[in-house]
Amino acid sequence: MGTTSSGRQTDARDRDSEGRARNARPRDGLGRPLPYGADGVDRQPEGVVRTPERSVAEAQELLDAGKPFHAHEVFEDAWKSGPEEERALWRGLAQLAVGLTHSARGNVTGGARLLRRGAGAVEEWAAGAGAPQPYGMDLAGVVAWARELAGDVEESGEAVDARGRAPRLRGRT
């Protein structure tokens, strides 16, 4: 029986049904851990295989609800389970969701950096694939949103409202 860096015994760690270490602390809508026993939001299940259309719809619902951390999990599932030629797209979208998460948490530097990195990845994928609107997504609009938000975050130096600044993946409807 070992210990963690904080001195907790490893057998006291939260474990999933397969015995892997998992932090079971509740989380808020931005994925921040809350104290044990606090009311948190439901976690996004990991490892779910969805159609690309369902991934876009589910991620948009989460973004609209002010849960970009959870939207990141949906994009990450698509990145890990999708075809190799689309992985850079989904990874870029996941970076954008994490950039919004950090921006909403008040991490100005990290948020802006991830928003720009994700925008570059999405833009590069769209140019290389010749697909500016895969699954109905407006990638040019998403890239413009990310770069504008990055600039706004750096200029204000303050946390943003994740719900109010959520992107429209399929453009304005």
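Everything below is about the structure shown above.
Attention here is on the structure that accompanies the text. What you are looking at is a predicted structure, and each value in this text was computed from that prediction instead of being measured.

Focus on the pattern of salt bridges
For step 1, the next point in the chain: Throughout the structure, instances matching the rule amount to eleven salt bridges.
For step 2, the next point in the chain: In this structure, the salt-bridge partner of aspartate 77 is arginine 50, at a minimum N-O distance of 3.0 Å. Residue aspartate 77 is found in helix H2 (residues 68–81), and its partner arginine 50 is found in the segment before helix H1 (52–64); the two are separated by 27 residues along the sequence.
For step 3, the next point in the chain: On the basis of relative accessible area, arginine 50 is assigned to the buried category, the value being 13%.
For step 4, the next point in the chain: Salt-bridge contacts for arginine 147 lead to glutamate 123; the nearest nitrogen and oxygen are separated by 3.0 Å. Here glutamate 123 lies in helix H4 (residues 108–129) and arginine 147 lies in helix H5 (residues 139–156), a separation of 24 residues in the sequence.
For step 5, the next point in the chain: Take glutamate 123: its relative accessible area is 39%, and that puts it in the partly exposed class.
For step 6, the next point in the chain: Bridged by salt links that share partners, the residues Arg50, Arg54, Glu58, Glu61 and Asp77 form one connected network.

Details of the side chain of arginine 50
For step 1, the next point in the chain: Within the local environment of arginine 50, its side chain forms a polar contact with the side chain of glutamate 58, the two groups lying 3.1 Å apart.
For step 2, the next point in the chain: Only 3.0 Å separates the side chain of arginine 50 from the side chain of aspartate 77, close enough to count as a polar contact.
For step 3, the next point in the chain: Leave out the neighbours within four places in its chain, and arginine 50 touches Gln44, Pro45, Ser55, Glu58, Val74 and Asp77.

Details of the packing of H1 against H2
For step 1, the next point in the chain: H2 packs onto H1 with a crossing angle of 165° between their chain directions and a minimal axis gap of 7 Å. Relative to H2, the element H1 lies roughly antiparallel. For the element pair H1 and H2, the recorded crossing hand is left-handed. Taken together, the residues of H2 that come into contact with H1 (itself represented by Ser55, Glu58, Ala59, Leu62 and Leu63) are Pro68, His70, Ala71, Val74, Phe75 and Ala78.
For step 2, the next point in the chain: For the contact of H1 with H2, a count of residues per class yields eight nonpolar, two polar and one charged.

Examining the environment of glutamate 148
For step 1, the next point in the chain: Relative to the elements of secondary structure, glutamate 148 occurs in helix H5.
For step 2, the next point in the chain: On the basis of relative accessible area, glutamate 148 is assigned to the exposed category, the value being 51%.
For step 3, the next point in the chain: Through-space distance from the C-alpha of glutamate 148 to that of alanine 112 is 9.6 Å; in sequence the pair is 36 residues apart.

Remarks on unusual backbone geometry
For step 1, the next point in the chain: The residue tyrosine 135 is not glycine, and still its phi comes out positive at about 55°.
For step 2, the next point in the chain: Tracing the sequence through the fold places tyrosine 135 in the loop between H4 and H5.

Points about the nonpolar core
A general tendency of soluble globular proteins is for nonpolar side chains to be buried together.
For step 1, the next point in the chain: Residues Phe75, Leu89, Trp90, Leu93, Leu96, Met137 and Leu169 are the most contacted members of the largest nonpolar core, which totals 38 residues.
For step 2, the next point in the chain: Elements with a minimum of two residues in this core: H1, H2, helix H3 (87–105), H4 and H5.
For step 3, the next point in the chain: Non-local contacts of leucine 93, meaning those with residues more than four positions away in its chain, are made with Phe75, Val122, Met137 and Val142.

The rules behind the values
Residues numbered from 1 in each chain as written. Predicted model: local features only at pLDDT ≥ 70, side-chain atom pairs only at ≥ 80, totals over all residues. Heavy atoms only, no water. Salt bridge = Lys/Arg side-chain N within 4 Å of Asp/Glu carboxyl O. Helix = DSSP H or I, 4+ residues; strand = E, 2+ residues; numbered from the N terminus. Buried < 20%, exposed > 50% of the residue type's maximum accessible area, 1.4 Å probe, protein only. Polar contact = N/O pair within 3.5 Å; in protein donor to acceptor, adjacent residues only side chain to side chain. Contact = heavy atoms within 4.5 Å. Axes fitted to C-alpha atoms, helices over the stretch in contact; angles between N-to-C directions. Parallel < 35°, antiparallel > 145°, perpendicular 65-115°, else oblique. Left-handed = near helix turned anticlockwise from the far one by under 90°. Nonpolar A, V, L, I, M, F, W, Y, C, P; charged D, E, K, R; others polar. Core = buried A, V, L, I, M, F, W, Y, C linked by side-chain atoms within 4.5 Å.

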